Amino acid sequence: VQLVESGGGLVQAGGSLRLSCAASISSWRINAVAWYRETPGSQRELVAELNSDGNMNYVDGVKGRFSISRDDGTNTAYLHMNSLKPEDTAVYYCNADMVSYGTQYAEWYWGQGVRVTVSS
């Protein structure tokens, strides 16, 4: 299973971006998903998570600005980012708990990362 991320880029402060994380095969489904971000010299930070029950959690610094969602029909997860700030600049990674429809085997996978740059 591969998770392919897209949607990163350069945006001015106050702008919006939508990151996508698409699973490469339809025989597996997204059971839970999280988005992390990483800046040089810092540990990878959990930004948002959506568990299998539909419960969502966000790190304090993005509450009210970011929204995590998923589309089971397209096997894609999203991170909607509004009111972006320069401190949101990072490489963003999705991390998904993928479950095989056939065997129910589950495993966590990472996307390749996308860069988000917010200019002031």
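This report concerns the structure included in the present document. (Residues numbered from 1 in each chain as written. Predicted model: local features only at pLDDT ≥ 70, side-chain atom pairs only at ≥ 80, totals over all residues. Heavy atoms only, no water.)

**With respect to the state of the cysteines**
Note on terminology: disulfide describes a covalent bond linking the sulfur atoms of two cysteines. The test is simple: Defined by distance alone, a disulfide is two cysteine sulfur atoms within 2.5 Å. To qualify as a helix, a DSSP run of H or I must reach at least 4 residues; to qualify as a strand, a run of E must reach at least 2; elements of each kind are numbered from the N terminus. Burial status follows relative accessibility: with a 1.4 Å probe on protein chains alone, a residue under 20% of its type maximum counts as buried, one over 50% as exposed, and anything between as partly exposed.
This model, assessed by the stated rule, comprises 1 disulfide. Note on cysteine connectivity: C21 is disulfide-linked to C94, with sulfurs 2.1 Å apart. Its S-S torsion of approximately 65° makes the covalent link between C21 and C94 right-handed. On the criterion of sequence distance, the pair formed by C21 in strand β3 (residues 17–23) and C94 in strand β9 (residues 90–100) is long-range, its members being 73 residues apart. By relative accessible area, which is 0% here, C94 ends up buried.

**Concerning the packing of aromatic side chains**
The following threshold applies: Stacked, tilted and edge-to-face pairs are distinguished by plane angle, under 30 degrees for stacked and over 60 for edge-to-face with tilted covering the rest, among Phe, Tyr and Trp rings (Trp via its six-membered ring) whose centres lie within 6.5 Å. Here, a charge over a ring means that NZ of Lys or CZ of Arg falls within 6 Å of the ring centre while also lying within 35 degrees of the ring normal.
Taken as a whole and judged by the stated rule, the model has 4 aromatic pairs. Where W28 meets Y105, the ring centres are 6.1 Å apart and the plane angle is 90°; that geometry is what we call edge-to-face. Of this pair, W28 sits in strand β4 (residues 28–38) while Y105 is found in the loop between β9 and β10 (106–110), placing the two residues 77 residues apart along the sequence. A ring pair is formed by Y36 and W110, whose centres lie 5.1 Å apart and whose planes are at 55°; its orientation type is tilted. Note that Y36 is positioned in strand β4 and W110 in strand β10, a separation of 74 residues in sequence. Each residue in the set W28, Y105 and Y109 is aromatic and connected to the rest through ring pairs, giving one cluster. Positioned over the ring face of Y93 is R44, at 3.7 Å from the centre of the ring. For R44, the ring lying beneath its charged end belongs to W110, and the centroid distance is 4.7 Å.

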